[in-house]
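What follows is each chain in one-letter form.
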Amino acid sequence: MSLYYLQKVLYELNRDPAVQQQYLEDVDSLLEKYSLSEEERLALIKPDIGLLYVLGVNGQILMHFAAFHKIEWDDYLQSMRDGVTAHGPVRAGVYAMTGGGDNFTKASEVKQESD
Amino acid sequence: MPLVYAGVCSHAPGITARAERADPVVRDEFYANLQIMSEDIKNSGAEALIVVGAEHFANFFMNNMPAFCIGMGEEYQGPIEDPEWLKIQPHKVPGTPDLSMRIISEVMQTVDTAFAEEWKFDHGIMVPLHFLTPEYDLPIIPVNINCQGPPLTPLHRAWEFGEALRRACDAVPEKVALVGTGGISHWPATPDSGKINEAWDREFLEKFKRNDKDAMLAYDDVETYNDAGQGGFEIRTFIAAAAAAKGATADVHFFAPIPIFAVGCTCARFNL
């Protein structure tokens with residue numbers, strides 16, 4: 001229902017350090033400004049990347065939000081897969097998962113020391 | 001003065017953010033070709049660089065989404081992303097408001113573009129600049145085509161916008177270069193990141209190389225979404241650049257799928 005405002009929170013958060021500061025210091029008062037469902041509000045606070053993805057948040061907006069939370073790239077991708085497993089297919093937008101949860105990078109990657 | 005350089009390149013954030021995870025041989029050849037583009041732009045004597053990008057909600061959102069926008073700022077800033085994540089440090093990028101004003105005014109004779117004196121660059125412009133103007137010393141005119149928030153800019157309008165940009169560049173005395181930047185097939189920022197339809201890319205690039213307007217404008221967004229992912233919508237930037245090249249053929253001097261960069265990495269120059 002309120003996907004527009006859910007994405008608008010993230011749009012403003014992604015581009016404005018003052019909004020980022022407010023998110024970190026007083027997230028409740030920040031989110032009061034937007035028309036959000038309780039599910040959306042809690043997903044933003046947690047943050048629940050997988051649920052936000054399934055709710056239809058555009059991946060570009062979500063990618064920046066994950067980076068803001070220092071979520072590593074592989075964990076970000078896995079969070080979205082886990083979200084689909086837990087909540088079902090993406091409900092809106094053009095960023096649906098179409099690859100059956102496969103990993104499309106691992107085969108061609110240089111092995112990392114931490115692996 | 002006629003456009004002094006026109007080309008296209010990729011801009012995916014992984015190009016800088018996940019550099020160490022790519023096959024170093026392919027990665028370094030890609031970087032070397034971006035360096036060739038940088039040198040070609042420098043050698044063209046360009047006094048300003050138009051970057052026709054496909055931004056990702058750094059400035060434009062569904063509260064007021066323009067089909068087209070051209071920057072007219074004194075300076076710009078980027079990246080909006082966490083610098084440690086993108087591995088590009090914050091920079092101020094010079095604009096050229098007077099030249100922008102004249103170009104916008106001419107474009108508006110045929111295309112209703114929006115304009116903006118404020119613009120925060122995301123990876124869509126910062127990654128190309130990191131390689132093409134690494135000193136951030138060449139004045140930039142950022143340009144955006146809506147490839148993100150449906151309803152998207154129709155392909156034939158992207159073509160007409162490219163033609164208008166070319167007419168505007170030719171009408172000013174300054175030497176202007178133009179780079180279009182987008183993906184071909186890709187599924188960025190989804191769990192399918194790294195999926196690349198190489199056959200689709202190569203077919204598109206054949207049409208692009210011969211600057212086949214009809215073939216490029218025949219793509220359908222539903223088919224593109226199915227075959228090339230939502231990232232495939234960014235062919236609008238290549239199409240606008242092709243139109244700005246006024247029918248000139250292109251030399252694709254690099255193309256290789258690099259999955260950890262999430263895109264078939266491309267560098268091309270038009271034979272103006």
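Above: the structure in question.
Scope of this entry: the structure provided in the associated data block. (Residues numbered from 1 in each chain as written. Chains lettered and ligands numbered in written order. Predicted model: local features only at pLDDT ≥ 70, side-chain atom pairs only at ≥ 80, totals over all residues.)

Overview of the overall build of chain A
- From N to C terminus, chain A includes six helices and zero strands.
- Shown N-terminal to C-terminal, the secondary structure of chain A runs as helices and strands in the order α-α-α-α-α-α.
- Rg of the C-alpha trace for chain A: 15 Å, near the compact-globule value of 13 Å for 115 residues, within the 12% margin.
- For chain A, the proportion of its 115 residues judged to be buried stands at 40%.
- Partitioning the intrachain contacts of chain A with sequence separation of at least 6 by distance along the chain shows that 66% fall at a separation of at least 24. (Helix = DSSP H or I, 4+ residues; strand = E, 2+ residues; numbered from the N terminus. Rg over C-alpha atoms; globule rule 2.2 N^0.38 Å. Buried ≥ 20, exposed ≤ 12 C-beta atoms within 10 Å, placed from the backbone. Contact = placed C-beta atoms within 7 Å.)

A look at the sheet that holds strand 7 (residues 140-145) of chain B
Residues and elements named next belong to chain B.
- Strand order in the open sheet formed by eight strands is 6-3-7-2-8-1-10-9, with mixed pairing between adjacent strands. Both outer strands of the open sheet, strand 6 (114-116) and strand 9 (250-258), are each paired with one neighbouring strand and no more. On average, each strand axis in the sheet is inclined to that of its neighbour by 15°, with strand direction left out of account.
- Of the pairings in the sheet, the one linking strand 1 (residues 5-9) to strand 10 (residues 263-270) comprises three bridges and is antiparallel in character. In the strand pairing of strand 10, Cys9 is matched with Cys267. (Pairing = 2+ DSSP bridges. Axes fitted to C-alpha atoms, helices over the stretch in contact; angles between N-to-C directions.)

Details of helix 7 (residues 198-209) of chain B
All names here are of chain B.
- The end-to-end C-alpha separation of helix 7 is 16 Å, in line with the 16 Å expected for twelve residues at 1.5 Å each.
- Buried residues of helix 7: Asp201, Phe204, Lys207 and Phe208, and no others. Buried residues in helix 7, looked at end-on, bunch into an arc of 125°, giving them a common side. Of the exposed residues in helix 7, those oriented more than 90 degrees away from the buried face are Ala199 and Glu206.
- On the buried face of helix 7, the contacting elements are helix 8 (213-217), helix 10 (235-244), strand 9 and strand 10.
- Two residues or fewer past helix 7, Asn211 is found with a positive phi of approximately 50°. (Expected span 1.5 Å × (residues − 1). Arc of directions from axis to C-beta.)

A few points about the pairing of strand 10 of chain B
Residue and element names in this part refer to chain B.
- Burial analysis of strand 10 places eight of its eight residues in the buried class, which makes it a mostly covered element.
- Across eight bridges, strand 9 lies against strand 10 in antiparallel orientation. In the strand pairing of strand 10, Ala256 is matched with Cys265.
- Adjacent in sequence and paired antiparallel, strand 9 and strand 10 are bridged by four residues, among which Ala262 carries a positive phi angle near 70°.

Section: the environment of B:Ile70
Residues and elements named next belong to chain B.
- With respect to the helices and strands, the residue Ile70 is situated in strand 3 (residues 68-71).
- Take Ile70: there are 26 C-beta atoms within 10 Å of it, and that puts it in the buried class.
- With twelve residues separating them along the chain, Ile70 and Ala58 place their C-alpha atoms 14 Å apart.
- Once you skip the residues sitting within four places of it in the chain, Ile70 turns out to touch Ser100, Ile103, Ile104, Val107, Thr113, Phe115, Ile141 and Val143.

Examining helix 1 (residues 3-15) of chain A
Residue and element names in this part refer to chain A.
- For helix 1, spanning 13 residues, the distance from its first C-alpha to its last is 19 Å, which sits close to the expected 18 Å at 1.5 Å a residue.
- Taken residue by residue, helix 1 has Leu6, Gln7, Lys8, Val9, Leu10, Tyr11, Leu13 and Asn14 as its buried positions.
- Tucked into the core, helix 1 has its buried residues touching helix 2 (17-31), helix 3 (38-45), helix 4 (49-55) and helix 5 (59-68).

Topic: the environment of B:Glu20
- Mapped onto the secondary structure, B:Glu20 falls in the loop between helix 1 (14-17) and helix 2 (24-43).
- Note: C-alpha distance between B:Glu20 and B:Ile260 (240 residues apart in sequence) is 9.6 Å.

Here we look at the packing of helix 1 of chain A against helix 5 of chain A
Residue and element names in this part refer to chain A.
- As a packed pair, helix 1 and helix 5 sit with axes 9 Å apart at the nearest point and diverge in direction by 55°. On the basis of their axis angle, the class for helix 1 and helix 5 is oblique. Here the hand of the crossing between helix 1 and helix 5 comes out left-handed. Where helix 1 approaches helix 5, its residues Gln7, Leu10, Tyr11, Leu13 and Asn14 are matched on the opposing element by Ile61, Leu62, His64 and Phe65.
- Each residue belonging to the contact of helix 1 with helix 5 can be placed in one class, and the counts come to six nonpolar, three polar and no charged. (Parallel < 35°, antiparallel > 145°, perpendicular 65-115°, else oblique. Left-handed = near helix turned anticlockwise from the far one by under 90°. Nonpolar A, V, L, I, M, F, W, Y, C, P; charged D, E, K, R; others polar.)

As for the nonpolar core
- Counting residues in each nonpolar core, the largest one holds 119 residues, and the members touching the most others are A:Leu62, B:Leu178 and B:Ala241.
- Among the elements that line this core, the one with the most residues is helix 10 of chain B, at eight residues.
- Apart from residues no more than four positions distant in its own chain, A:Leu62 is found in contact with A:Leu10, A:Ile49, A:Leu52, A:Tyr53, A:Val57 and B:Ala189. (Core = buried A, V, L, I, M, F, W, Y, C linked by C-beta atoms within 7 Å.)

Focus: the interface of chain A and chain B
- Each partner contributes residues to the interface: chain A has 30 residues there, and chain B has 30 residues.
- Where the side of chain A that touches chain B is concerned, the elements lending two or more residues are helix 1, helix 5 and helix 6 (73-87) of chain A.
- At eight residues, the largest contribution of residues to the side of chain A that touches chain B is made by helix 5 of chain A.
- Here the residues of the side of chain A that touches chain B are counted per class, giving 15 nonpolar, eleven polar and four charged.

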